[in-house]
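# Summary of the model geometry
Each chain, written out:
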Amino acid sequence: MDTVTKDAIVQQLIQLTSRDQVNVDPDQLNYASLDFYRKYPRARKIYQAPIPVAIVYPENVAQVAAVLKYANDTGVNVIPRTGGSEIERGLESAREPHIIVDGSRLNQILKFDPEDMQLTVQAGVPLKQAEDWLNEKGYTTGHLPQSQPLADFGGLVATRSIGQLSTLYGGIEDMVVGLEAVMPDGRIVRIKNVPRRSVGPDIRHVFIGNEGSIAFITEVTVKLFPYLPDTYHYLAYTVDTMREGFRLLRDIVAAGYRPSVIRLYDAQDWSQFYPKHAEKPVLIFRTEGPQPLSDATAGAIKAMVEASSQTQPYEPLDEIIDWFKHLTWTQKEVDAEVNQLEKTPFVGFTTEVAANWHEIANIFEAVTARVKKEIPNLYGIGGHSSHSYVNGTNLYFVYAFIDAEDDPAGEMARYHDPINKIIVEETLKRGGTMSHHHGVGKARAPFIKEEYGSSYWVLKTLLKSFDPKNTMNAGNIIPLEFWDEPD
Ligand SMILES: Cc1cc2nc3c(=O)[nH]c(=O)nc-3n(C[C@H](O)[C@H](O)[C@H](O)COP(=O)(O)OP(=O)(O)OC[C@H]3O[C@@H](n4cnc5c(N)ncnc54)[C@H](O)[C@@H]3O)c2cc1C
């Protein structure tokens, strides 16, 4: 730290906000230095990344602007944060000194507009809080990521998140109609809320998915939908092979049906929920919406799946309904996992990718075969598809291993990173994308050139033009060692 001392940073942050808004508690700074990517070291209190100088909690957009401008002028790295549920090292700093700019006090629902079917919130509004509030009024955002009880709107937009009902409602990019954000130099920009626009490139996408590397999102407006829980139909089947399961997913979506949930689990992955069903892959569907539409969609899916000679009804169906109710992770599940990791070196992770239909089964088979062959002490690897499109689907690999050395500091290098590498390699070489919804962070940033190919130049030009000093989450999306390379 050549130009600015830690004390000077803290004093200046207090000047720009207030004493009560600047946190320098050592335990909280340590905890904030890592995210869920290093959940095993974090559970054992081993902090391997730079520790932030402070966490600052702005209470209005002017304070966000003042803090960002100060950081930009003095070379302080800024890590934006809202819910803190990041899992790809996006909350870890690649450069010192750094501060966490935490949006959780920007927590107001600003406008509920049932006529235009829109909701405007500040970035730190928890999704679960907004969703419960809307449900009581008969509306929904349609956004139900597994992290719904953990994540806030700013982070959800910044990571291009997606929820379990995506086939009907879309990902967050289909939901956001407008937003407000603060650029690194303190400039405040707003994108208005209109149903569609044809006015040049759609600049919402400069911010959606920026992962804190271009701007700090302060306000978001999303679409609303009617909340109709009485119209749900659940359907579930076992299927003899993953390939037949993928074919059915493809045919249902390609034919134009839009269930809210359409999933395929391999037997290994499903057995973590119901071990007695560890024999065959499982297909799961939920339909919803206006009653005639939900009924018709469920009827058509039933007919298509039952026409296959490789499917059998899953019994009991109540198991599926109950499983779906408990699919989201609350703080309780997070705490339970931390407790377990404190005691036992049994570590579970996930990595998700996406590809076109003609390659998806090949990727599933290649990855599971390679991981089983190359990774020692593997407890198991399985996976599921949970978001389908006319041209392809995602694959969410779920794996666990026993860290025989019980060495959380070295575990990443021995297990998690090599498994990630296999998944990314096998996906990229078949034309898929290395991240369907968890973002790039710093974990997958080393593969960013292979991901983008000839369009990498466009990505780098975009990030560098809005954040020329690399103030915003340096090393995220584009690693530090790539930043100054000639084009
Ligand atoms: C148990 C669990 C389940 C999950 N399930 C899903 C899932 O179903 N679908 C899914 O998409 N993801 C999922 N995730 C990943 C994660 O929850 C999402 O990426 C979520 O969108 C992050 O939101 P957050 O508010 O917690 O953001 P944070 O963790 O605070 O931040 C995430 C990233 O966005 C940046 N950021 C945060 N706030 C802002 C802001 N205001 N402006 C600019 N940048 C910002 C951060 O710098 C960081 O890079 C899951 C994570 C966990 C731990």
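Residues numbered from 1 in each chain as written. Predicted model: local features only at pLDDT ≥ 70, side-chain atom pairs only at ≥ 80, totals over all residues. Heavy atoms only, no water.

## Details of the pairing of strand β17 (residues 378-385)
Applicable threshold: For the exposure calls, accessible area comes from a 1.4 Å probe over protein chains only, and a residue counts as buried if that area is under 20% of its type's maximum, exposed if over 50%, partly exposed in between. Per the convention used, a helix needs a DSSP run of H or I reaching at least four residues, while a strand needs a run of E reaching at least two, with both numbered from the N terminus. Only strands joined by at least two bridges in the DSSP assignment are considered to pair.
Counted residue by residue, β17 has six buried out of eight residues, so it is predominantly covered. Connecting β17 to the next strand, strand β18 (residues 392-402), in antiparallel fashion are six residues.

## Here we look at the environment of K325
Here K325 lies in helix α13 (residues 317-325). Assessed through its relative accessible area of 61%, K325 is described here as exposed. With 179 residues separating them in the primary sequence, K325 and Q146 have C-alpha atoms 11 Å apart.

## Regarding the UniProt feature "domain: FAD-binding PCMH-type" (unreviewed entry) in the protein chain
Here is the rule: UniProt positions are given in the numbering used here, feature names are shortened, and annotations may be inferred rather than shown by experiment.
Under the feature "domain: FAD-binding PCMH-type" (unreviewed entry), the UniProt entry names residues 48-227. Along residues 48-227, the helical share is 24% and the strand share 26%, with 44 Å between the first and last C-alpha atoms.

## Points about the site of the ligand
Inclusion rule: A single heavy atom is enough: if one lies within 4 Å of a molecule or strand, its residue is considered near that molecule or strand. Method for areas: the Shrake-Rupley scheme with a 1.4 Å probe, in which residue coverage is limited to the protein chains shown. Just so you know the grouping, Ala, Val, Leu, Ile, Met, Phe, Trp, Tyr, Cys and Pro go in nonpolar, Asp, Glu, Lys and Arg go in charged, and all remaining residues, Gly too, go in polar.
Lining the immediate surroundings of the ligand are 33 residues, of which P80, T82, S85, Q146 and T159 lie closest. Notes on the ligand: free accessible area 950 Å², of which the protein chains cover 97%. Broken down by secondary-structure element, the contributors of at least two residues to the shell around the ligand are β3 (77-81), α6 (153-158) and β10 (216-223). With four residues, α6 is the largest single contributor of residues to the shell around the ligand. Across the shell around the ligand, the residue classes break down as 13 nonpolar, 16 polar and four charged.

## Considerations on the domain arrangement of the protein chain
Accessible area lost upon the coming together of the parts is a frequently used measure of interface size. Condition: The domain boundaries here were taken from an automatic or database domain assignment. When checking whether two residues touch, look at their non-hydrogen atoms; a contact exists if any pair is within 4.5 Å. Summed over both partners, the accessible area lost on bringing two parts together, with a 1.4 Å probe, is the buried area. Just to be clear on terms, a salt bridge is a Lys or Arg side-chain nitrogen sitting within 4 Å of an Asp or Glu carboxyl oxygen. Between N or O atoms, a polar contact is any pair within 3.5 Å; within protein, one atom must be a potential hydrogen donor and the other a potential acceptor, and residues adjacent in sequence are included only when both atoms are from side chains.
Under the domain assignment used here, the protein chain contains domain 1 (6-102), domain 2 (109-226), domain 3 (229-325), domain 4 (331-428) and domain 5 (454-483). A straight line from the C-alpha centre of domain 2 to that of domain 3 covers 29 Å. In this complex, domain 2 contributes seven residues to the contact, which on the side of domain 3 involves 10 residues. Between domain 2 and domain 3, a total of about 670 Å² is buried, with carbon and sulfur atoms accounting for 61% of that surface. Ranking the residues of domain 2 by area buried against domain 3 places Q164, T167 and L168 at the top, with a combined share of 71%. There are zero salt bridges connecting domain 2 and domain 3. Applying the counting criterion to the domain 2 and domain 3 interface returns one residue pair in polar contact (both at pLDDT 80 or more).

## Points about the sheet that holds strand β5 (residues 109-113)
To keep things clear, this is the line we draw: A fitted line through C-alpha atoms represents every axis, and for helices the fit uses only the stretch in contact; the resulting angles, taken between N-to-C directions, go from 0 to 180 degrees.
With respect to topology, five strands assemble into an open sheet ordered β5-β6-β10-β8-β9, the strand pairing being antiparallel. Lying at the two open borders of the sheet, with one neighbouring strand each, are β5 and β9 (188-191). Looking at each pair of strands side by side, their axes are set apart by 10° on average, direction ignored. Of the pairings in the sheet, the one linking strand β8 (residues 176-182) to β10 comprises six bridges and is antiparallel in character. Bridge pairing links V182 to F216 in β10. Seen against the sheet, helix α4 (residues 61-74) touches β8, β9 and β10 and runs at an angle of roughly 50° to β8.

## Notes on the pattern of salt bridges
Within this structure, the stated rule accounts for 34 salt bridges. A salt bridge links K280 to D240; the nearest nitrogen and oxygen atoms lie 2.9 Å apart. Highlighted residues: K280 in the loop between α11 (267-270) and β14 (282-287) and D240 in the loop between β12 (233-239) and α10 (242-254), separated in sequence by 40 residues. Across the pair E374 and R370 runs a salt bridge, and its minimum N-O distance is 2.8 Å. In this pair, E374 and R370 both sit in helix α15 (residues 357-374), four residues apart, roughly one turn of the helix. Residue classification places R370 among the partly exposed residues on the basis of a relative accessible area of 22%. When salt bridges that share partners are traced, they join E359, R370, E374, K421, E425, E426, K429 and R430 into one network.

## A closer look at helix α16 (residues 408-428)
What sets the pattern is the α-helix's 3.6 residues per turn: residues three or four places apart point alike. Applied cut-off: A helix is expected to span 1.5 Å for every residue after the first. The angle between axes fitted to the seven-residue stretch ending at a residue and the seven-residue stretch beginning at it gives the bend at that residue.
With 21 residues, α16 extends 29 Å from end C-alpha to end C-alpha; this agrees with the ideal 30 Å at 1.5 Å per step. The principal kink in α16, of about 35°, is found at H416, preceding the proline P418 by one to four residues.

## Brief notes about the environment of P313
When you line up the elements, P313 lands in strand β15 (residues 311-313). For the pair formed by P313 and D417, sequence separation is 104 residues and the distance between their alpha carbons is 38 Å. With sequence-adjacent residues up to four places away left out, P313 is seen in contact with A236 and Y237.

## Re the packing of aromatic side chains
Defined as follows: Stacked, tilted and edge-to-face are the three classes applied to pairs of Phe, Tyr and Trp rings, where Trp contributes its six-membered ring and a pair requires centres within 6.5 Å; stacked means planes under 30 degrees apart, edge-to-face means over 60, and tilted covers the rest. Only Lys NZ and Arg CZ are tested; either one counts as a charge over a ring when it is within 6 Å of the ring centre and within 35 degrees of the ring normal.
Overall, the coordinates contain 19 aromatic pairs when judged by the stated rule. Their ring planes at 90° and their centres at 6.5 Å tell us that Y232 and Y234 sit as a pair that is edge-to-face. Their ring planes at 85° and their centres at 4.9 Å tell us that F346 and Y379 sit as a pair that is edge-to-face. Of this pair, F346 sits in strand β16 (residues 346-356) while Y379 sits in strand β17, placing them 33 residues apart in sequence. Among the residues examined, Y379 registers a relative accessible area of 56% and is labelled exposed. Directly above the ring of W133 sits K137, whose terminal nitrogen or CZ lies 4.0 Å from the centroid.

## A word on unusual backbone geometry
In this chain, E96 is followed by P97 through a cis amide linkage whose omega measures -10°. With an omega of -5°, the peptide bond running from E315 to P316 counts as cis. Mapping P316 onto the fold places it in the loop between β15 and α13. Here the phi dihedral of N377 falls at roughly 60°; this positive angle occurs in a residue that is not glycine. As for its position among the elements, N377 is in the loop between α15 and β17. The backbone phi angle of N470 is positive, close to 55°, even though this residue is not glycine. On the secondary structure map, N470 appears in the loop between α18 (456-466) and α19 (480-483).

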